[in-house]
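Notes for the structure review
Residues per chain are reported as follows:
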Amino acid sequence: MLLTKWSRNIDRENPLSEYPRPQFVRDSYISLNGTWDYSIRKTDNMPSVYTAQITVPFSPECELSGVSRIIKPDETLFYKKCFILPVGFNKGRVFINFGAVDQVATVFLNGKEIGTHTGGYTAFKFELTDYLSADGEENTLIVRVKDYTDTCSYSRGKQKMKRGGIWYSPQSGIWQSVWLESTPKEFLERVKITPDYDNEQVKFEYFGADDVEVLIYDGDELIADTTEHTVKIPDFKSWSPESPFLYNVVFKACGERIKSYFGMRKFSTGVDEKGILRLFLNNEPYFHNGLLDQGYYSDGYLTPPTNQAMEEDVLFAKKAGFNMLRKHIKIEPLLWYHYCDVNGILVWQDMVNGGGNYGLEVSAIPFVGITLDDTNYKNFHRTDKAGRELYYQELNETIEHLYNCPCIAMWVPFNEGWGQFDSAKAYEMVKKLDHTRVIDTTSGWHDMGASDVISKHIYFTPIKVKIGNRPYVLSEFGGYSMKVNGHTFNNKMFGYKVYNTKDSLTKAYAKLFNNVIIPQIKDGLCATVYTQLTDVEDELNGLMTYDRAVVKIDIDKLREINEKVKL
């Protein structure tokens, strides 16, 4: 059992209780996190009794749930929660929101089936209005969950029933916040916010309501009050890691005041003054210096023990001098992106993939110079049509969900061939959904030519930048490992190079950057993603241990090196 320091501060009756959607804040909010009843069965039939309890939103597999039990693919997990709505809470319509449930969730209220959502990492909501009990009476909510992990083609990321190495423990069920909100019968469902940097304006696209008044604030100063969908902001303040300025917004619609924010920034590619292709931020060449961030915790797995734990991960990266985190094969709670927005951390957002077995042939072939054709679905074990269709559904859901986060600089549809298929089509889909970000379509290898960058993962061979027709990014490298006794998940150790002391690890890290990385920036290296922020299970190649208790390289030394990792 390896606990983080935050586990001591968890309120079991109301964990992770902060408002979970800072990008679109209503004043209506009831958290359903806390103690629920649960049952695990070999059948999909509802249990007649629930004899045990679980702390939501922690998965049953992890320590913080109070269960510590793996849900197998042939089992069904049932949750039960009773609640009474406060008098006056219902303004006309009531919705239940789920941050994420792994993998297939069917929701029932008072004996009536409300809806089903498939996809273990994307948010969803259902309307409860017509199924609620009378005012003051108890409501019974049941969530039925099936999780096939890697035994079917649904997205599962790095979860594996037989964990080990770079593959992590399976987890199931509710793993992000569950909460209720109420709206008027007619209401503003969402807003799409698009900064238009070159034209000194911001665009608002409204869904669910047309008559919307928007108020924009620079700090406490009201700088715009209009019903126009496009608002000019002359002499605006830019958002960047060096100056993460955010404009606050209030949307007034259908009798509600909804709060949000945006940052004026532009992500693109271009040619620098030396004729080298670069990543650009706000029309200037900008080096992305980041860490691979899996977002796993030793006591909560995919779920942070507290929101403070997420924030401190972001603050560590910032304090160490990094300006970017690559969120690897996971979609975080919206608060994590908010912390990146506020503190000025760029985010490369990976999509979560599924498909068949991530075979060794997919990962090994690139090392002998072979690129597989991803339109041949057998090559990447993507023959299941339903799994491919689910990928597109989740692609849409992910981009819509995260679109308004200023920090997101790059979308990463596929990684190292895992679940890859029709990547050129995926590239075009992402561009259509969001033309404001850069795309690394096939991170690592199996590049089909449809991508905004040349993306390489290099752990075993010499790192040598080769100029091509796109900016060159080193999207994974490093992986230097060190074991810290008393702070490991088990006695196994996975890493690409092993060091035994903090001093030897620090010297190796400094040598890698000073002798290999920094000299090649002038030659065309545009971004780096060092593996990785923290240890994860067998992987002991983090800058911090899995429980975040020990920093393996002095943070001042990291910051000193990072001062030189720039254009």
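Structure's up top.
Description of the structure in this document.

Analysis parameters
Here the residue numbers are simple positions, counted from 1 along each chain's written sequence. Selection of residues for local features in this predicted model requires a pLDDT of at least 70, selection of side-chain atom pairs for listing and counting requires 80 or more, and totals for whole chains, interfaces and linings are taken over all residues. With hydrogens and water excluded, all non-hydrogen atoms of the structure serve as input to the side-chain values. Counting from the N terminus, the helices are the DSSP runs of H or I reaching at least four residues and the strands are the DSSP runs of E reaching at least two. Burial classes follow relative accessibility: with a 1.4 Å probe on protein chains only, a residue under 20% of its type's maximum area counts as buried, one over 50% as exposed, and anything between as partly exposed. Here, residues are in contact when the closest pair of their heavy atoms is within 4.5 Å. Working convention: axes come from line fits to C-alpha atoms, limited for helices to the stretch in contact. Angles between N-to-C directions cover 0 to 180 degrees. Any angle from 65 to 115 degrees is called roughly perpendicular, while one under 35 is roughly parallel, one over 145 is roughly antiparallel, and all others are oblique. Crossing chirality is assigned from the near helix's rotation relative to the far helix, an anticlockwise turn below a right angle marking it left-handed and a clockwise turn marking it right-handed. Only Phe, Tyr and Trp rings are paired, with Trp represented by its six-membered ring, and only when their centres lie within 6.5 Å; those with planes under 30 degrees apart are stacked, over 60 edge-to-face, the remainder tilted. Cation placement over rings: the criterion is NZ of Lys or CZ of Arg within 6 Å of the ring centroid and within 35° of the ring normal. Residues are sorted three ways: Asp, Glu, Lys and Arg are charged, Ala, Val, Leu, Ile, Met, Phe, Trp, Tyr, Cys and Pro are nonpolar, and all the rest, Gly among them, are polar.

Looking now at the side chain of Gln201. Structurally, Gln201 is set in strand β14 (residues 201-207). Its relative accessible area of 11% is what places Gln201 among the buried residues. Setting aside chain neighbours within four positions, we find Gln201 in contact with Thr194, Pro195, Asp196, Thr230, Val231, Lys232, Ile233 and Met264.

A few words on the packing of helix α4 (residues 385-402) against helix α5 (residues 423-433). Running from N to C, α4 and α5 point in directions that differ by 30 degrees, and their axes come no closer than 11 Å. Judged on the interaxial angle alone, α5 and α4 are roughly parallel. Between α4 and α5 lies a crossing of right-handed hand. In contact with Tyr391, Tyr392, Leu395, Asn396 and Ile399 of α4, α5 contributes Lys425, Ala426, Met429, Val430 and Leu433.

What follows covers the packing of aromatic side chains. Within the structure shown, the criterion is met by 39 aromatic pairs. Their ring planes at 75 degrees and their centres at 5.4 Å tell us that Phe460 and Tyr496 sit as a pair that is edge-to-face. Separated by 36 residues along the polypeptide, Phe460 in the loop between β30 (454-458) and β31 (472-478) and Tyr496 in the loop between β32 (480-482) and β33 (497-499) bring together distant segments of the chain. A residue is classified by how much of its surface remains accessible, and Phe460, at 57% relative accessible area, is exposed. Using a relative accessible area of 24% as the deciding quantity, one classes Tyr496 as partly exposed. Counting every residue linked through ring pairs, the aromatic cluster contains Phe204, Tyr206, Phe245, Tyr247, Phe251 and Phe262. Over the ring of Phe95 we find Lys125; its NZ or CZ atom is 4.7 Å from the centre of that ring.

At a minimum axis separation of 11 Å, helix α6 (residues 502-521) and helix α7 (residues 555-562) run at an interaxial angle of 5 degrees. Here α6 lies roughly parallel to α7, going by the angle between them. Counting all contacts with α6, which are made through Thr506, Tyr509, Ala510, Phe513 and Ile518, the residues of α7 involved are Lys557, Leu558 and Ile561. For the contact of α6 with α7, the per-class residue count stands at 6 nonpolar, 1 polar and 1 charged.

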